[in-house]
Amino acid sequence: MNNIIETHNLSKIYNPDTVPVNAVNGVDLHIEEGEFTALVGPSGSGKTTLLNLIGGLDYPTTGDVKIDGVDITKMSENKLIDFRLHNIGFVFQAYNLIPVLTAAENIEFVMMMLKKTKQERDLRVRELLAEVGLTDKSKNRPTELSGGQQQRVAVARALASKPRFILADEPTANLDSKSTANLLDIMAKLNIEDKMTFIFSTHDQRVIDKARRIVTLVDGKIVSDTKQ
Amino acid sequence: MYFKLAWRNMWRSRRRTLITISSIFFAVIFAILMRVMVIGVFDKMISDTVSMSCGYIQIHHTGYWDNKSIDSTFEENPKLTTILNNEKDISAWAPHLESFSLASSGEQTRGVLLTGINPTKENEVSNLSKKLIAGTYLADGDKSILLAEGLAHYLKLKLSDTVILIGQGYEGNMAAGKYPIKGIVRLGVPEMNKGMAWLPLACCRDFLSTGKRYTSIAIMVNNRNEAGPLKDRIVKQTTGMCYDVMTWEEMIPEINQFFQLKMGQNVIMSGILYLVIAFGIFGTILMMLNERMHEFGILIAIGMRKGILATIVVMEMVMMSIVGTLFGIIGAFPIVLYFRLHPIHLGGDYAKVSEQFNFEPIIQPNIDFSNFIIQGYVVLVIAIVLSLYAIFKIHKIKAIAAINS
Ligand SMILES: Nc1ncnc2c1ncn2[C@@H]1O[C@H](COP(=O)(O)OP(=O)(O)OP(=O)(O)O)[C@@H](O)[C@H]1O
Ligand SMILES: [Mg+2]
């Protein structure tokens, strides 16, 4: 199969000169197109750090991250920003959206940066809002949306650039169980219908149950990698 | 969209934005008022002085300025008249035949600056007839004299009394004459009010035996800033004609120096005012950067170039400054206009000071629009310079750290 993401001997050491912390320690991880992977492990096991390295938000201490065969750890900061825009979707734990823009504008905005025409943008915004079930909230600002609705807009925004994969660091941590289930259903649907690749970290057993591959980290090392 | 983003961000913290805008608003108003008042005072001082003496530009015989001898005069010249009449920037010009003479009433004697004038042209230059407080204005053929009020008072002379003039005429001739007083004028400049007298040109020429000669031509301009370039043009057109052309700045440098000094002080005062604005704007920038760190982190993470982000933030600051400045300019305008139409007449100490510097104690603001525009530029430049800090900060942002803040 086709590996979208490959990490080789990936390590990140924080504070190497004072109190070194091996947040990620020699990780070799391969993610194939269309996977729906949960990254789990105790607090401080390195989930966030690993996602940041894969997403090109941080540079590793050693090792590399290849996305479609391209080593992103060698890219300059500005190149990485453009690379992220074109190839990676992000959903963060909370407050993902720009507060002064409406739901629709938050999504459209990404396509503005990609220099899409007004027509293309409008069409895709409508499509994406429908996919996350928020057509009627297009003109609402983030403060007028529930936490779950905000996260759904964030997923729609992450999809706007038609990325290669979406990284989500504890996307449901701030949600109640109903919103959690709803968000997971939408992500699963996008994964199955559109073959969108997702990697998300979580502590929530109900979320882990929905994943089809579970990678467990402890002290920065992969201790198990199972498919279900 | 970027503009929309900046505009909405600006109104995100409504109260802070309003405070910033109103601090800019008031500072701009004060800065404009200070500036137009100072310039207005000098406009008055300069125009009072030059209109009654040398004009903004004066043409005289080569060497006359350094040695004001009646022998250093020049003859009427139709070519020169044509040049002057063809210059659009000249609002009026008038020939002068000036000489220091002694004026006597028999009892009292005093040195005066006697000027032979073309009554019509002189009036266009100095509005002399408007300054009459008694009698009537001169006409071409008159053999009578106008005295300044202070001089008449000193000589204890009234209207229709006769004044005796004694002086030195052309090429060593003795000059002496008796002239009835046709009018008395009051001059705003106290020094002048004490020692000036006017005769019609022909009569003055007879008195000084000069024939058809002038000592100088005084030229007025629409805007005193045009004096320099106009002088250059006149010099070019009169080369080889034995004339010197001088501007008011060259003839009365004290006024210009004083003006520059006052403007310097004005700049310092405005500078302090703008420093206050600068701190206000800077505070706003700091708070804004702090509050929005998380959002900036997200934006950079999802692929917004830092340059675009910085542009949006700078746009916000610049828009805020433009709004404040615009309202400031609009707000200052009616105030300035009011004082333009109703000049402030000052008494007391200020009047004494103004007497020393030879002008009427009136404050009438200058309404040149450039004064308003300059303040706008200054505020804009401040906002842009301070925004550099925001640009610098944004370029140092690390996405993850910002998201976690
Ligand atoms: N910026 C940093 N500087 C220093 N140490 C850090 C930094 N970020 C994370 N760490 C440390 O690295 C280790 C891994 O942290 P990380 O946030 O990746 O864990 P995590 O699995 O995401 O934890 P959680 O489940 O609590 O989110 C932890 O020991 C943490 O204290
Ligand atoms: Mg984490």
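The structure displayed is predicted, hence computed values, not measured ones.

*Asks:* Describe the overall build of chain B, listing the residues and the values that go with them.
*Replies:* When you go through chain B residue by residue, the secondary structure sums to 15 helices and 14 strands. Taken over C-alpha atoms, the radius of gyration comes to 30 Å for chain B, far larger than the 22 Å a tight globule of 405 residues would show. With respect to the principal axes defined by its C-alpha atoms, chain B has extents near 100 × 50 × 30 Å. When the 405 residues of chain B are sorted by exposure, 51% land in the buried category. Residue pairs in contact within chain B that sit at least 24 positions apart in sequence constitute 78% of those at least 6 positions apart. For chain B, the exposed area adds up to about 18600 Å²; of that, 61% sits on carbon and sulfur atoms. Positive and negative side-chain charges of chain B, numbering 38 and 32 respectively, have mean locations separated by a distance of 14 Å.

*Asks:* Kindly report on the packing of helix α5 (residues 147-160) of chain A against helix α6 (residues 177-194) of chain A, identifying the contributing residues and their values.
*Replies:* Angle between the axes and distance between the axes are the two parameters that describe a pair of packed helices. All names here are of chain A. Put simply, α5 and α6 touch, their axes get as near as 9 Å, and they point 15° apart. Accordingly, the angle class assigned to the pair α5 and α6 is roughly parallel. Crossing angle aside, the handedness with which α5 passes α6 is right-handed. Each of G148, Q151, R152, V155 and L159 in α5 lies in contact with α6, whose residues at this interface are S179, N182, L183, I186 and L190. The residue inventory of the contact of α5 with α6, partitioned by class, reads 5 nonpolar, 4 polar and 1 charged.

*Asks:* A description of the site of ligand 1 should follow, citing residues and the corresponding values.
*Replies:* Residue and element names in this part refer to chain A. Ligand 1 sits among 14 residues. The nearest are S43, K47, T48, T49 and H203. At 3.0 Å, a backbone N or O of G46 approaches an oxygen atom of ligand 1. Between ligand 1 and T48, the relevant distance is 2.6 Å, taken from an oxygen atom to a side-chain nitrogen or oxygen of the residue. Counting only elements with at least two residues in the shell around ligand 1, the list comes to β2 (21-27) and α1 (47-54). When residues in the shell around ligand 1 are grouped by element, the largest group, 3 residues, is from α1. Residues belonging to the shell around ligand 1 are distributed by class as follows: 4 nonpolar, 8 polar and 2 charged.

*Asks:* Report on the side chain of T73 of chain B, specifying residues and quantitative values.
*Replies:* Residue and element names in this part refer to chain B. Assignment of secondary structure puts T73 in the loop between β1 (57-61) and β2 (74-75). A polar contact is formed between the side chain of T73 and the side chain of R213, at a distance of 2.8 Å. Once residues within four sequence positions are removed from consideration, T73 is found in contact with H61, L97, Y170, R213, Y214 and T215.

Procedures and definitions
Residues numbered from 1 in each chain as written. Chains lettered and ligands numbered in written order. Predicted model: local features only at pLDDT ≥ 70, side-chain atom pairs only at ≥ 80, totals over all residues. Heavy atoms only, no water. Helix = DSSP H or I, 4+ residues; strand = E, 2+ residues; numbered from the N terminus. Rg over C-alpha atoms; globule rule 2.2 N^0.38 Å. Buried < 20%, exposed > 50% of the residue type's maximum accessible area, 1.4 Å probe, protein only. Contact = heavy atoms within 4.5 Å. Areas by Shrake-Rupley, 256 points an atom, 1.4 Å probe, with all protein chains shown as cover. Lys, Arg positive; Asp, Glu negative; His and termini not counted. Charge placed at Lys NZ, Arg CZ, Asp CG, Glu CD. Axes fitted to C-alpha atoms, helices over the stretch in contact; angles between N-to-C directions. Parallel < 35°, antiparallel > 145°, perpendicular 65-115°, else oblique. Left-handed = near helix turned anticlockwise from the far one by under 90°. Nonpolar A, V, L, I, M, F, W, Y, C, P; charged D, E, K, R; others polar. Near = heavy atom within 4 Å. Polar contact = N/O pair within 3.5 Å; in protein donor to acceptor, adjacent residues only side chain to side chain.

In short, shape yes, function no, at least from these values alone.
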